[in-house]
Amino acid sequence: MTTRRSFLEMLAAGLILGVRNQAEAATNPFVSIERYSANRLTPILVDPVYATSRNFMGRTMPGYEAEKAWTHPEIVDDLIAVNQTLQQHGLQLLVKDAYRPIQASEAMMQWGREQEQAGKGKYVGKWVAYINRSEGKYSGHNYGRTIDVTLATLNGQEVWMGSQFDEFSLYSEFYNAHDKKMEDDKMAFAGKGYIVHPMLSPFQLREILREAMHASFIPYSALKERTAEWWHFSSKRIPATKPYDDVIQ
């Protein structure tokens, strides 16, 4: 004969399941950049484009279920210090991406292959990171140690830096900002909200961003940059020991 479970038994089972789900959800060390910095003197502005269709693939990336940017709390503390430095120039950070689920990196790599095979992506292979789980090859973003940042005005307008974020062209290389004029890339300015700095050139802005990042990360030598992407920085004090595929929620 079957018996109905008592209310107390069901309640206990529910509580146990709830605790288990919370424990399973807390498998990574990341924090929300926006939330973690919200009560600080210089909170961090985020624009997580991979959680939207406003990216090079034109659709939401796998693993991005919320418009949030996650990273290690130590990195957020460093970014807050960067913001304090940038405010001297009337600027602030704008985070485009930080921790990236492995599934998103795999989708990017597959997209890049398709573009090259179709003859549409001359430079794509140079910028899209090679990911292979069986070989243990991952992006710094998968460890949460890499962050993609640009600059904004103090009222939150994104500043033109000489190329778009994630632009697959030679203009994304740090020293190539001199060669590109605003009128050369009308698509970049078509309804995307960029503002051209009235006094500083794109190359000067890139230099300000890089110097502020290097000066504010602790210790001073703990930051690695990628010159092929002026927006790309990695914290060397976060070890590349465990990549993550947790969905950003």
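Residues numbered from 1 in each chain as written. Predicted model: local features only at pLDDT ≥ 70, side-chain atom pairs only at ≥ 80, totals over all residues. Heavy atoms only, no water.

Counting secondary structure elements, the protein chain contains 7 helices and 7 strands. Secondary structure elements of the protein chain occur, N-terminal to C-terminal, as α-β-α-β-β-α-β-α-α-β-α-α-β-β. Expressed as a percentage of its 249 residues, the buried residues of the protein chain come to 48%. Here the protein chain has roughly 13100 Å² of accessible surface; of this, 52% comes from carbon and sulfur atoms. (Helix = DSSP H or I, 4+ residues; strand = E, 2+ residues; numbered from the N terminus. Buried < 20%, exposed > 50% of the residue type's maximum accessible area, 1.4 Å probe, protein only. Areas by Shrake-Rupley, 256 points an atom, 1.4 Å probe, with all protein chains shown as cover.)

Positive phi outside glycine occurs at Asp166, with the angle close to 65 degrees. Mapped onto the elements of the fold, Asp166 is located in the loop between β5 (146-153) and α6 (186-189). Judged by its relative accessible area of 11%, Asp166 falls in the buried class.

The next subject is the layout of surface pockets. Summary: where empty space remains is shown by rolling a probe the size of a single water molecule over the atoms. In this structure, the second largest pocket spans a volume of roughly 370 Å³. Breaking the lining of the second largest pocket down by element, the ones donating at least two residues are α4 (102-117), β5, β6 (223-225) and β7 (232-235). (1 Å grid on protein atoms, 1.4 Å probe; cavity = no way out; pocket = protein on both sides within 12 Å on 5 of 7 lines; lining within 4 Å. Points joined across faces, edges and corners; volume = space filled by probe spheres on them.)

All right, on to the side chain of His72 then. Relative to the helices and strands, His72 is located in the loop between β3 (70-71) and α3 (73-86). By relative accessible area, His72 is classed as buried at 9%. If near-sequence neighbours (up to four positions away) are discounted, His72 is found in contact with Pro29, Phe30, Val31, Tyr143, Gly144, Arg145 and Ile238. (Contact = heavy atoms within 4.5 Å.)

Within the fold, Ser163 resides in the loop between β5 and α6. Here Ser163 falls in the buried class, since its relative accessible area comes to 1%. The sequence separation of Ser163 and Phe174 amounts to 11 residues, and the corresponding C-alpha distance is 9.9 Å. Of the polar contacts made by the side chain of Ser163, one reaches the side chain of Trp230; its length is 2.8 Å. (Polar contact = N/O pair within 3.5 Å; in protein donor to acceptor, adjacent residues only side chain to side chain.)

So, on to the confidence of the model for the protein chain. The predicted model of the protein chain has a mean per-residue pLDDT of 83, with 80% of residues at 70 or higher. Every residue in residues 1-5 scores below 50 in pLDDT, and together they form 2 contacts with partners more than four places removed in sequence or on other chains. Taken together, the stretch residues 7-25 has pLDDT below 50 and engages in 2 contacts with residues farther than four places along the chain or on a different chain. (pLDDT = per-residue confidence, 0-100.)

The next subject is the nonpolar core. Residues Ile33, Leu79, Val95, Ile147, Leu209 and Met213 are the most contacted members of the largest nonpolar core, which totals 55 residues. Of all the secondary-structure elements, those providing two or more residues to this core are α3, β4 (91-97), α4, β5 and α7 (202-216). (Core = buried A, V, L, I, M, F, W, Y, C linked by side-chain atoms within 4.5 Å.)

Burial along β7 is two-sided: the face carrying His232 and Ser234 and the face carrying Phe233 and Ser235 are both buried. Relative to β7, β5 runs antiparallel, the two being bridged by 3 bridges. Paired with Thr146 across the bridge in β7 is Ser234. Taking the residues between adjacent antiparallel strands as the criterion, β6 and β7 are bridged by 6 residues. (Pairing = 2+ DSSP bridges.)

A few words on the pattern of salt bridges. A full pass over the atoms with the stated rule returns 11 salt bridges. Here Arg100 and Asp97 are joined by a salt bridge, their closest N and O atoms 2.8 Å apart. Of the charged contacts in the structure, one is a salt bridge between Arg133 and Glu106, with a shortest N-O distance of 2.7 Å. Taken together, the positions of Arg133 in the loop between α5 (124-127) and β5 and Glu106 in helix α4 put the pair 27 residues apart, joining distant regions of the chain. Overlapping salt bridges, with partners in common, bring together Asp47, Arg54, Lys96 and Glu158 in one network. (Salt bridge = Lys/Arg side-chain N within 4 Å of Asp/Glu carboxyl O.)

Right, let's get into the packing of aromatic side chains. Pairs of aromatic rings are described using the distance from one ring centre to the other and the angle between the two planes. For the structure on display, the rule yields 16 aromatic pairs. Here Trp230 and Trp231 contribute two aromatic rings whose centre-to-centre distance is 5.2 Å and whose plane-to-plane angle is 85 degrees, an arrangement assigned as edge-to-face. Take Trp231: its relative accessible area is 0%, and that puts it in the buried class. Through a chain of ring-to-ring contacts, the aromatic side chains of Tyr50, Phe56, Tyr64, Trp111, Phe165, Phe168, Trp230 and Trp231 assemble into a single cluster. Between Arg210 and the ring centre of Phe174, over which it is positioned, the NZ or CZ distance is 4.1 Å. (Phe/Tyr/Trp six-rings, centres within 6.5 Å; stacked < 30°, edge-to-face > 60°. Lys NZ or Arg CZ within 6 Å of the ring centre and 35° of its normal.)

Moving on, we get to the packing of α3 against α7. Here α3 crosses α7 at 130 degrees, and the two axes come no closer than 8 Å. In terms of orientation, α3 and α7 fall into the oblique class. As for how α3 packs across α7, the hand of that crossing is right-handed. Between α3 and α7, the residues in contact are Asp78, Leu79, Ala81, Val82, Thr85 and Leu86 and Ile208, Ala212, Met213 and Ser216, respectively. (Axes fitted to C-alpha atoms, helices over the stretch in contact; angles between N-to-C directions. Parallel < 35°, antiparallel > 145°, perpendicular 65-115°, else oblique. Left-handed = near helix turned anticlockwise from the far one by under 90°.)

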